[in-house]
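Fold and geometry: a report
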Amino acid sequence: MITSPIWLPATLLAAVFQPWRTAIQRRVSKDLSINAAGLVRYLYGLPFALAMAAAYQWLIAPAAFPTLGPWFLAYCIGGGLAQIVATNLLLMAFDQRNFVVGTAYSKTEAVQGALLSIALLGEHLALLSWLGIALGVAGVMILSAGGKRMSPAELLRALGQPGARFGIASGFFFALTAIAIRSATVQVDTPDPIRAALIVLAVTVALQTLMQGAFLVWRERDQVGPVLRSWRVSGQVGLLSALGSACWFTGFATAPVALVRVVGQIEVAFTIAFGRFYLGEHVSRGEVAGLLLVTAGVVAALAGTL
């Protein structure tokens, strides 16, 4: 159920911030291990997440701090851990294929999230929204093939490649993240979805910093120095991550998870733009066709809410 129209602008903003952050994070990942590159997202995003939550709570919309439900912390831990795994898998996918294709595989999250949200949250979508999911998945499959014509057998073989497996697994854990975060916002006793989203964000990012930071110190201590020395670029990753997550979390707090993720597929358009102009990657005509299908899917999903 949609509880506020703010979900749409929040989702569209998140779709801008996420590929921007991922593009910069990919640059950092060239000099860091997978876990170290993942940590910068949370370590350098934590100050911004805390600042946004504090500013909203006590300056922008002052109010008594809301009561947190008994499952709040568990959902934050679960969502935070799922996002760590998803981010690491996405970075591993980038090592196998290019930036655009790695992200495209992860966008199967839309259909995975729709099915999981029905099974775990009891959410339902209109027929047009399901059509939007189908169009979006077709679009990302074209993107995953690099815009090349492939037979069904060739497509199945391509889906068995390491890059595809990492990307699809990343999408699954991102879908779990969304469901856990949605559940965490429900545990915040406030009618203000932005307040709930920012509280969940601050707590989740703090937990992620502790979890992945402790793992890095334990298993890859030699990477701690490079993480700290990368602060100039990593600070940008942290800021964009915090802004993007704040928007995603607001979307999850005010609309069905599946709908937010379907509309969020428009992120692929921005991904292609960043891949082309920021990373200098070539975009084929076939990839443009895939992008048009993704866009049509987003339009259909939105029409299904009317």
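Worth saying up front: this structure is predicted, and the values here are computed from it rather than measured.

1. Some points on the packing of helix H2 (residues 34–43) against helix H10 (residues 193–219)
When two helices pack together, you describe them by how their axes are tilted relative to each other and by the distance separating the axes. Put simply, H2 and H10 touch, their axes get as near as 9 Å, and they point 150° apart. Classified by the angle between their axes, H2 and H10 sit roughly antiparallel to one another. Judged by the sense of rotation from one axis to the other, the crossing of H2 with H10 is left-handed. The residues of H10 that touch H2, namely those facing Asn35, Ala36, Gly38, Leu39, Tyr42 and Leu43, are Val205, Gln208, Thr209, Gln212, Gly213, Phe215 and Leu216. By residue class, the composition of the contact of H2 with H10 is seven nonpolar, six polar and no charged.

2. Thoughts on helix H15 (residues 285–303)
Along an α-helix, residues three or four apart share an orientation, since each turn contains 3.6 residues. Given a rise of 1.5 Å per residue, 19 residues ought to cover 27 Å, and the 27 Å separating the end C-alpha atoms of H15 matches this to within 8%. Taken together, the buried positions of H15 are Gly286, Glu287, Gly290, Leu291, Val294, Gly297, Val298, Ala300 and Ala301.

3. As for the pattern of salt bridges
For the structure on display, the rule yields one salt bridge. A salt bridge links Asp192 to Arg195; the shortest N-O distance between them is 3.7 Å. Taking the relative accessible area as the measure of exposure, Arg195 reaches 6% and is therefore buried.

4. Looking at the environment of Thr209
With respect to the helices and strands, Thr209 occurs in helix H10. Thr209 sits 164 residues away from Gly45 along the chain, and the two C-alpha atoms are 9.1 Å apart. Aside from chain neighbours lying at most four places away, what touches Thr209 is Leu39, Tyr42, Leu43, Leu46 and Ala214. Side-chain polar atoms of Thr209 contact the backbone oxygen of Tyr42, separated by 3.2 Å.

5. Things to note about the packing of aromatic side chains
Summed over the entire model, instances satisfying the criterion amount to three aromatic pairs. When the centroid spacing of 5.4 Å and the interplanar angle of 85° are considered together, the rings of Phe172 and Phe173 count as edge-to-face. Under the relative-accessibility criterion, Phe172 is labelled partly exposed at 31%. Between the aromatic rings of Trp248 and Phe252, the centroid separation amounts to 6.2 Å while the plane-to-plane angle is 15°, which identifies the pairing as stacked. Of this pair, Trp248 and Phe252 both sit in helix H12 (residues 231–254), separated by four residues, roughly a single helical turn.

Conventions we followed
Residues numbered from 1 in each chain as written. Predicted model: local features only at pLDDT ≥ 70, side-chain atom pairs only at ≥ 80, totals over all residues. Heavy atoms only, no water. Axes fitted to C-alpha atoms, helices over the stretch in contact; angles between N-to-C directions. Helix = DSSP H or I, 4+ residues; strand = E, 2+ residues; numbered from the N terminus. Parallel < 35°, antiparallel > 145°, perpendicular 65-115°, else oblique. Left-handed = near helix turned anticlockwise from the far one by under 90°. Contact = heavy atoms within 4.5 Å. Nonpolar A, V, L, I, M, F, W, Y, C, P; charged D, E, K, R; others polar. Expected span 1.5 Å × (residues − 1). Buried < 20%, exposed > 50% of the residue type's maximum accessible area, 1.4 Å probe, protein only. Salt bridge = Lys/Arg side-chain N within 4 Å of Asp/Glu carboxyl O. Polar contact = N/O pair within 3.5 Å; in protein donor to acceptor, adjacent residues only side chain to side chain. Phe/Tyr/Trp six-rings, centres within 6.5 Å; stacked < 30°, edge-to-face > 60°.

On their own, these measurements won't tell you what the molecule is for.
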